[in-house]
Amino acid sequence: MLVLNCSIKLLTLEKMLKSHFPESLKVYGAVMNMNRGNPFQKEVVVDSWPDFKAVITRRQKEAETDDLDHYTNAYAVFYKDFRAYQRLLEEHDVINWDQVFQIQGLQSEVCDVSNAVANSKQLGVKLTSFKAVQFSPHSALPDTNALKGSSPRLTYLNIADADLLNRTWSRGGNEQCLRYIVKLISCFPSVCVRDDKGNPVSWSLTDQFATMCHGYTLPEHRRKGYSQLVALTLARKLRSRGFPCQGNVLDDNTASISLLKNVRAEFLPCRFHRLILTPAAFSG
């Protein structure tokens, strides 16, 4: 195991990961954020350097504060050989198995390998799998016809909106998620539509892996074109900063899948896998 602390090596890794798209997108996004201020206090672990076969991004140990916060205690994985990934998992001190955490990746063996090692350590595992998508330069342009006059208006989120986002996110509704959303809003690009009272009615934000997430429109404001406008605007904002415009969608979310097809987003050949792992001490 090697921890890459050198800024030159991290910049080199960022370039190397580009040649392994789309499977490396999650790790790539995390490394990009590390190379641009590292707001989530991440670090990179590899099995070897420079000819690595597996890479994991994780939270710096000195930054870990809440053992129940799987939102922030998050690992992204990319490997050229899944056996090298398994060896990293089995090494002492690569993963903090004493807290609730998540593992993300875009390769199928992430699930089987992670699950096998977690079971050997008696951790519970919750797996969710998504379609992976990417907005390309050929995607449709934002249509601002949905905005007329001075209201509604297109803008960005601020931390005062975090409580609303926490209440409306299917993954939210708890203290850890609220803190996480505040951090995302504070650190990364977001887009929202506000009504005439200044309240957000449609939005999307960016996570620690440079993934577009929590795209949501309040039920009473749907079918007005806001979701499409927000998604395309955020994709353009990310692209202007050199980030990949990636996202995920559940297979049964037919409305979002239809929207993505309408704007000519690309459905990737790989799937996005997220595992939430819980030690027995927290499983009650």
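Every value quoted in this text rests on a predicted model; they were computed, and no experiment measured them.

Let us look at the UniProt feature "domain: Glycine N-acyltransferase C-terminal" (unreviewed entry) in the protein. Feature annotation in UniProt assigns "domain: Glycine N-acyltransferase C-terminal" (unreviewed entry) to the following positions: residues 192-279. In this annotation, residues 192-279 is assigned 27% helix and 39% strand; the end-to-end C-alpha distance for the span is 37 Å.

With that out of the way, let us pick up unusual backbone geometry. Put simply, Phe21 and Pro22 share a cis peptide bond, and its omega is 0°. For Pro22, the position within the fold is in the loop between helix 1 (7-18) and helix 2 (25-34). For the peptide bond that leads from Trp49 to Pro50, omega is 5°, which places it in the cis range. One can find Pro50 in the loop between strand 2 (42-46) and strand 3 (54-59). Not every positive phi belongs to a glycine, and Gln41 is a case in point at roughly 50°. Accessibility expressed as a relative area gives 32% for Gln41, which makes it partly exposed. The backbone of Arg264 shows a phi angle near 65°, a positive value even though the residue is not glycine. Of note, Arg264 is situated in the loop between helix 8 (254-262) and strand 12 (266-278).

What follows concerns the packing of aromatic side chains. Scanning the model with the defined rule gives 10 aromatic pairs in all. On the basis of an interplanar angle of 10° and a centroid distance of 6.5 Å, the ring pair of Trp49 and Phe52 is categorised as stacked. Trp49 sits in the partly exposed class, given a relative accessible area of 22%. Each member of the aromatic cluster is reached from another via a ring pair, and the members are Phe40, Tyr71, Tyr180 and Phe188. Taking NZ or CZ as reference, Lys183 lies 5.9 Å from the ring centre of Phe40, over its face. The residue whose ring lies beneath Arg222 is Tyr216, and the NZ or CZ to ring-centre distance is 5.3 Å.

Moving on, we get to the packing of helix 1 against helix 2. Running from N to C, helix 1 and helix 2 point in directions that differ by 150°, and their axes come no closer than 9 Å. With respect to their mutual orientation, helix 1 and helix 2 come out roughly antiparallel. Once helix 1 is placed against helix 2, the crossing between them reads as left-handed. Where helix 1 abuts helix 2, its residues Leu10, Leu13, Glu14, Leu17 and Lys18 lie against Val27, Tyr28, Val31, Met32 and Met34.

Turning next to the packing of helix 3 (residues 82-90) against helix 4 (residues 109-120). Interhelical geometry of helix 3 versus helix 4 gives an angle of 30° and a closest axis separation of 10 Å. By the angle between their directions, the pair helix 3 and helix 4 is classed as roughly parallel. The handedness of the crossing between helix 3 and helix 4 is right-handed. Along the contact surface, helix 3 presents Phe82, Tyr85, Gln86, Leu89 and Glu90, while helix 4 presents Glu109, Val110, Val113, Ser114 and Val117. Here the residues of the contact of helix 3 with helix 4 are counted per class, giving six nonpolar, two polar and two charged.

Ordered by their spatial adjacency, 12 strands build an open sheet running 1-2-3-4-5-12-6-11-10-9-8-7, and the pairing between neighbours is mixed. Edge positions in the open sheet fall to strand 1 (2-4) and strand 7 (153-155), since each of these has one partner strand only. Across the sheet, the mean angle separating the axes of adjacent strands is 25° when strand polarity is ignored. Both strand 5 (residues 101-105) and strand 12 contribute to a ladder of five bridges, which runs antiparallel. Residue pairing for strand 12: Ile103 is matched across the bridge by Leu275.

Rules used in this analysis
- Residues numbered from 1 in each chain as written.
- Predicted model: local features only at pLDDT ≥ 70, side-chain atom pairs only at ≥ 80, totals over all residues.
- Heavy atoms only, no water.
- UniProt positions renumbered as here; feature names shortened; annotations may be inferred.
- Helix = DSSP H or I, 4+ residues; strand = E, 2+ residues; numbered from the N terminus.
- Buried < 20%, exposed > 50% of the residue type's maximum accessible area, 1.4 Å probe, protein only.
- Phe/Tyr/Trp six-rings, centres within 6.5 Å; stacked < 30°, edge-to-face > 60°.
- Lys NZ or Arg CZ within 6 Å of the ring centre and 35° of its normal.
- Axes fitted to C-alpha atoms, helices over the stretch in contact; angles between N-to-C directions.
- Parallel < 35°, antiparallel > 145°, perpendicular 65-115°, else oblique.
- Left-handed = near helix turned anticlockwise from the far one by under 90°.
- Contact = heavy atoms within 4.5 Å.
- Nonpolar A, V, L, I, M, F, W, Y, C, P; charged D, E, K, R; others polar.
- Pairing = 2+ DSSP bridges.

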